[in-house]
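Listed here are the chains, written in short residue letters.
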Amino acid sequence: MLHRNRTVTLTTGDAAITITRDAQGIPQVRAAGERDLYRGLGWCHGSDRAIQLVLTRLAGRGRMAEHLRGGEELVEIDTALRTLGFHVDLAEEVAKLAPGDAELVDAYCAGVSEALAGRPPWELRLAGIRTIDPWTPEDCVLVSRLAGWVALAQSQGEMEDLLVDLVRAGAPRDLLDELFPGLLGDLDEDLIRRLLPGRRLVADGVRWSTLLPRPVASNNWALAPSRTRSGHALLANDPHLDVGRLPSVWQEVGVTTGERWFVGATMPGLPGLLIGRTNDLAWGATYAFMDATDSWIEDCRDGRCLRREAGEDSWVPVTERTETILRRGAAPLTVRVFETDRGILDGDPHEPGLRRATRWSAGRGAGAGSIAAAIAMFRARDVAEGMAAAGGIESAFNWVMADRHGSIGLQMSGLLPVRPSGANGLVPLPAWDPATAWDGWAAPEDLPRVQDPPEGYVITANNDLGHLGRVRPQNLPMGDSRATRIEELLSAREDWDVAGVAQVQLDEHSPQVARYLELLRPLLPDGVNGDLLRGWDGRFGPESRAATLFERWYRALVVEVFGGVLGRDVAHHLLEETGIVADFYANLDAVLLRERSAWFGDRTREEVYAQVALAALAAPARPWGEQQHVTMKHLLFGDRFPRALGFDRGPYPLPGSRGTPRQGTVYRSGGRETSFAPSLRVVTDFAADTVHTALAGGPSDRRFSRWYASSLPAWLAGRLTERRPPV
């Protein structure tokens, strides 16, 4: 461990590498060259985040039940991740790295392994882990895949599951068209209804494991010099992740080779400088909501699947892979995984009938490209070079950039499948038709991108960016509420500075709510609660009772409208145990805000709103901060030790909602409390060589380190801390 006022000097690199901490405990790496810089970064990750690294590797390789405990929860996670097969072709992927990049990855792994050598942290030993294997380039590829995949764990895939479930349940087509407007042209309802029951590729327990934090949402924007007080470009980013864990997924660092530096956030296990800035370039990321996951319908029999060429049918063998899951304290479990050239089957192809096959573009056969692109980002000297580098990242993110020359830009990344004309990726298509196969990937230059737009800003908040590309990668973007509010604020001024944009990151007003309040106010009942909502400004502050009332009404509206068709228990499940409302509220709003909807039956919108309001507003409301709060739990021992020992922190009020720039969302999924909030806030103005940050946690994953939650008080207070590059 690197303690305060202590300098560590590594002599195992090309030259001496010195590592210290700044006043907030953030590691500072000083190296003579890139190879030693990455070795030092690896050492910091291994020193401060050994628990996180070990658990992430066990999760990615499907070995948690083997090393931790053999209960049903971890077996479920291991089974799903073994089925996905991210561990299958790691060596082949590492071999794709160019020699220079491979040297840097090797140096990073050597640094991690050097820090991990010796006795494991007592927390791991208490859990039964006595030794830690060296970190390898294969582990880096695995973490790269996981970091991209968790963004899709309950977003696009879950909505595709919902569509299939609705069709199989007999939902009328007019209702489906309202919920998925303009997206169901290729829908063959008969085929979907004939699907055999199968297991979900991503079980609920995997979707919401705290080991795999999902970047469901984020904000980022860049301002041109014409809109800043300093006359220099300015960038802000706040990635929204599950903040109910310690440590945060991010580790802040400062690194320098003397002539080149970086200050910002990294992800332990990856040799990449992911969010922050160098001398020349600043960048931040949001999840792009690209549809990079598709399903097909396979016709199976006797371990084969149907293929049709030129009117001739043939039956081709399905590949089988056997995974043995070792369980601590229990007998091993054998899992058979079946795959076609379209993807992973949801069942056994020896049973005749129709089954779904699912594939994610950035899974197997990917990972090395993302690592190479991250390495290139550190070397980029301006926005144009940064956009070119970011375009090589294989997972779907929106990269917003600014440089010291005053340029700003946006580049979406991700392997977007080239699909048949008219196909959008949402509807499962027949796999036996060769025309439904993917035909490579869209070029990064065709994805949404822009440089130096005339309005002087670029903004992303998981909203639809299709107008900025030659292709439209998003068929189910998140709603535009956060993006609308951010643009409303940014467009109103031309004197932005760090303090000003930091307040935008903390803004708690929701345009989504404003749309409803305009319709709802005349329908509210008399009384205290009705008056509170009538006079509410749509701000989700912790003291607001009106925020609690509105959310109570909105949730009751979802159950009333959609429960009438799906069943009220199903509607409650969607609200309470999935991320559909948080991620895809725009699809629900497309129904709920309609003046007339087939989902309303024979009632008008006003009748539905008023009826729900009468019941939902009958009881008193607690302040929003008491209604919505989060407890940050230790990654390994969460809920297992008394609160007084300090492994878990909170509960803390969580301001904001799904539609506010300061996003705050809390619900249960897979039996766990899940939260989404700004896990990290970053602001930098090129007028100075500084970066201003706030992290939901601290540098270390060790409970009794002084740096375990050292950044948490500033994060809770909404206060940024100035970071300077190492000198």
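Coordinates for the structure precede this section.
Visitor: For this particular structure, what's the right way to read the packing of aromatic side chains?
Guide: Aromatic rings considered in pairs are described by the distance between their centres and by the relative angle of their planes. Applying the stated criterion across every chain yields a total of 26 aromatic pairs. Here W536 and F540 contribute two aromatic rings whose centre-to-centre distance is 5.2 Å and whose plane-to-plane angle is 75 degrees, an arrangement assigned as edge-to-face. Judged by relative accessible area, which is 6%, W536 ranks as buried. For F540, a relative accessible area of 1% gives the class buried. Pairwise contacts between aromatic rings join Y516, W536, F540, F550, W553, Y554, Y609 and W624 into one cluster. Its end group placed over the ring of W496, R493 keeps NZ or CZ at 4.0 Å from the ring centre.

Visitor: Explanation requested: unusual backbone geometry in the structure shown.
Guide: Trans is the common state for peptide bonds, and a negative phi is the common state for residues other than glycine. The peptide bond linking L246 to P247 adopts the cis configuration, its omega dihedral lying at 5 degrees. For P247, the location among the structural elements is in the loop between β6 (245-246) and β7 (251-256). Positive phi, close to 55 degrees, is recorded for F289, a residue that is not glycine. Following the sequence through the fold, F289 ends up in the loop between β10 (281-287) and β11 (293-301). Despite not being glycine, D639 shows a phi value in the positive range, around 75 degrees. In this structure, D639 sits in the loop between β23 (629-634) and β24 (649-653). D639 sits in the exposed class, given a relative accessible area of 52%.

Visitor: Explanation requested: the environment of A16 in the structure shown.
Guide: Residue position: A16 is located in the loop between β1 (8-10) and β2 (17-21). For A16 and G40, which are 24 residues apart along the polypeptide, the C-alpha to C-alpha distance reads 10.0 Å. Those residues within four positions of A16 in sequence are excluded, and the remaining contacts are T9, L10 and R30.

Parameters at a glance
- Residues numbered from 1 in each chain as written.
- Predicted model: local features only at pLDDT ≥ 70, side-chain atom pairs only at ≥ 80, totals over all residues.
- Heavy atoms only, no water.
- Phe/Tyr/Trp six-rings, centres within 6.5 Å; stacked < 30°, edge-to-face > 60°.
- Buried < 20%, exposed > 50% of the residue type's maximum accessible area, 1.4 Å probe, protein only.
- Lys NZ or Arg CZ within 6 Å of the ring centre and 35° of its normal.
- Helix = DSSP H or I, 4+ residues; strand = E, 2+ residues; numbered from the N terminus.
- Contact = heavy atoms within 4.5 Å.

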